[in-house]
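This is what each chain is made of:
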Amino acid sequence: MRGAVIHSPGDVRFENLDDPKVIEPTDAVIRTVATCVCGSDLWPYRGLEPVGDPHPMGHEYVGIVEEVGSEVTGVRPGQFVVGSFATSDNTCANCLNGWQSSCLNREFMSTCQADYVRIPNAHGTLVATDEHPDAEMVPSLLAVSDVMGTGWYAALAAEVKPGSTAVVVGDGAVGLCGVIAAKELGAERIIAMSRHASRQKLALEFGATDIVAERGEEGVSRVKDLTGGIGADSVLECVGTADSMRQALHSTRPGGNVGFVGVPHEVAIDGQELFFSHVGLRGGPAPVRRFLPDLIDRVLTGRINPGKVFDLSLPLDQVAEGYKAMDERRAVKALLKP
């Protein structure tokens, strides 16, 4: 088969790779219908994470089941499935508590920008749709496998409630999906922090009521101007830098909550400051599997359309251009089709 391999910062190649096979009885192999480039893929692409030896890339996927192991009973060959970037058996104590991304048998997916993908823990990771979806539904179902599920978790972690005020820090795909989530969870006011006109427009379409273009303490000041001087009830941190975390914490009112889902890079939180702020803080890898049935239903019934975050669609063999376009901020998110 063919797939994306990163060799060094800025160097992603489309190469011939070994076909994936069922290794464990809980595995499945799927034929990829769509995959994509994630904002978190840009960390090694930009040299902000070590690349090490050349290795495959990608952790978002939807596809058709080709083969299953002997212990996989939840899905069967021929079905269209949606999965998560973190595999889960969905039976361990952590999974049963709703934290499938901390499954005791978790594996992080990292080979999905390819024609075929082996899915470990397939019995607890994959969710099949009743029928093969129409082509126009595929982008939104792909979004559910990570960015929509992650944005949803950010809103839940920030405890967005009906009638509340939410701030979204970050205007990438996760942040934009966080706007959708805040809207669906009943936030009355949604403040999207964005400096890019096209992303501001999409945030407003998804349900944002206000746009704040300023960053840092200027952005915090603007949020407080909009919230009676105290800050928001809920803040979704969807970037992962020290500046974005500081902006999120300072934009939250005493007694409010921050949900952080941007993978932290050089983020340090002052314990004294957090202590006296009375701000709650929860984050981590999103337990996407918990949300899949609900989010898939919202997509298929037309209630949400997170696939609009894909503003560039490319053949899979042009994956390098997808990385480059996102790195240069010419695209929010690149969809890849084998």
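A quick note: this is a predicted structure, and the numbers were derived from the prediction, not measured.

Colleague: Describe empty space enclosed by the protein, with residues and values.
Modeller: Gaps between atoms show up when a probe of the same size as a water molecule is rolled over them. Enumeration over the complete set of coordinates arrives at 1 cavity of 30 Å³ or more. Space inside the largest cavity adds up to approximately 40 Å³. In terms of lining residues, the largest cavity is bounded by Val 168, Gly 170, Asp 171, Gly 175, Leu 176, Val 179, Ala 192, Met 193, Ser 194 and Ala 203. Breaking the lining of the largest cavity down by element, the ones donating at least two residues are helix H6 (173-184) and strand S10 (189-193). Ranked by residues supplied to the lining of the largest cavity, first place goes to H6 with 3 residues.

Colleague: So, the state of the cysteines: which residues are in play, and what are the values?
Modeller: Working definition of a disulfide: a covalent bond connecting the sulfur atoms of two cysteines. Tallied over the full model, the rule gives 0 disulfides. Considering cysteine sulfurs only, Cys 95 is the nearest to Cys 92, which forms no disulfide, with 3.7 Å between them. Left without a disulfide partner, Cys 103 is nearest to the cysteine sulfur of Cys 95, which lies 3.7 Å away.

Colleague: Provide a residue-level description of the packing of aromatic side chains, including the pertinent values.
Modeller: Counting across every chain of the model gives 4 aromatic pairs. Both rings, one in Tyr 45 and one in Tyr 323, keep their centres 5.2 Å apart while their planes meet at 40°; by these two values the pair is tilted. Separated by 278 residues along the polypeptide, Tyr 45 in helix H1 (residues 42-45) and Tyr 323 in helix H12 (residues 319-327) bring together distant segments of the chain. Pairing Phe 85 with Phe 108 gives two aromatic rings, centres 6.5 Å apart and planes at 10°, and the pair type is stacked. Residue Phe 85 is found in the loop between strand S6 (80-82) and helix H2 (93-96), and its partner Phe 108 is found in the loop between H2 and strand S7 (116-119); the two are separated by 23 residues along the sequence.

Colleague: Could you give an account of the sheet that holds strand S1 (residues 2-8), with specific residues and numbers?
Modeller: Read across the sheet, 3 strands follow the order S2-S1-S4 without closing on themselves; strand pairing throughout is antiparallel. Edge positions in the sheet fall to strand S2 (11-16) and strand S4 (55-56), since each has one partner strand and no second. Alignment of S1 against S2, held across 6 bridges, turns out to be antiparallel. Bridge pairing links Val 5 to Arg 13 in S2.

Colleague: Just give me the short version of helix H11 (residues 288-300), but keep the residues and values in it.
Modeller: The first and last C-alpha atoms of H11 sit 17 Å apart over 13 residues, in line with the 18 Å expected at 1.5 Å per residue. When H11 is considered as a whole, its buried residues turn out to be Val 288, Arg 289, Phe 291, Leu 292, Leu 295, Ile 296, Arg 298 and Val 299. Among the structural elements, S6, helix H3 (122-125), strand S8 (127-128), helix H4 (138-144), helix H5 (147-157) and H6 are those in contact with the buried residues of H11. Two residues or fewer after H11 comes Gly 302, characterised by a positive phi angle close to 80°.

Colleague: Which residues make up the sheet that holds S10, and what are the values?
Modeller: Within a sheet, adjacent strands bond to each other through the backbone by hydrogen bonds, running parallel or antiparallel. The 6 strands are arranged S11-S10-S9-S12-S13-S14 in an open sheet whose pairing can be described as parallel. Only two strands of the sheet have a single neighbouring strand rather than two, namely strand S11 (210-212) and strand S14 (280-283). For this sheet the average axis-to-axis angle between neighbouring strands, irrespective of direction, equals 20°. In this structure, strand S12 (residues 232-237) lies alongside strand S13 (residues 252-260), joined through 5 bridges in parallel fashion. Bridge pairing links Ser 234 to Asn 257 in S13. Running over the sheet, helix H8 (residues 216-226) touches strand S9 (165-169), S10 and S11 and is turned about 155° from S11.

Colleague: Quick one: what's the story with the nonpolar core, residue by residue and with numbers?
Modeller: Formed by 56 residues in total, the largest nonpolar core has its most connected members in Val 62, Val 82, Val 144, Met 148, Val 160 and Leu 236. The element that contributes the greatest number of residues to this core is H6, accounting for 8 residues. Filtering out sequence-adjacent residues up to four positions away, Val 82 remains in contact with Tyr 61, Val 62, Thr 125, Leu 126, Val 127, Leu 141, Val 144, Ser 145, Leu 292 and Ile 296. Within the second largest apolar cluster, 17 residues are counted, among which are Val 51, Met 57, Leu 316 and Ala 334.

Colleague: I'd like to hear about the packing of H5 against H11, residue by residue, with values.
Modeller: Contact pair H5 / H11: the axes reach a minimum separation of 10 Å and the direction vectors enclose 110°. The angle between the axes of H5 and H11 places the two elements in the roughly perpendicular class. Along the contact surface, H5 presents Met 148, Gly 149, Thr 150, Trp 152, Tyr 153 and Leu 156, while H11 presents Val 288, Arg 290, Phe 291, Asp 294, Leu 295 and Arg 298. Looking at the contact of H5 with H11 residue by residue, the class counts come to 7 nonpolar, 2 polar and 3 charged.

Calculation rules
- Residues numbered from 1 in each chain as written.
- Predicted model: local features only at pLDDT ≥ 70, side-chain atom pairs only at ≥ 80, totals over all residues.
- Heavy atoms only, no water.
- 1 Å grid on protein atoms, 1.4 Å probe; cavity = no way out; pocket = protein on both sides within 12 Å on 5 of 7 lines; lining within 4 Å.
- Points joined across faces, edges and corners; volume = space filled by probe spheres on them.
- Helix = DSSP H or I, 4+ residues; strand = E, 2+ residues; numbered from the N terminus.
- Disulfide = S-S within 2.5 Å.
- Phe/Tyr/Trp six-rings, centres within 6.5 Å; stacked < 30°, edge-to-face > 60°.
- Pairing = 2+ DSSP bridges.
- Expected span 1.5 Å × (residues − 1).
- Buried < 20%, exposed > 50% of the residue type's maximum accessible area, 1.4 Å probe, protein only.
- Contact = heavy atoms within 4.5 Å.
- Axes fitted to C-alpha atoms, helices over the stretch in contact; angles between N-to-C directions.
- Core = buried A, V, L, I, M, F, W, Y, C linked by side-chain atoms within 4.5 Å.
- Parallel < 35°, antiparallel > 145°, perpendicular 65-115°, else oblique.
- Nonpolar A, V, L, I, M, F, W, Y, C, P; charged D, E, K, R; others polar.

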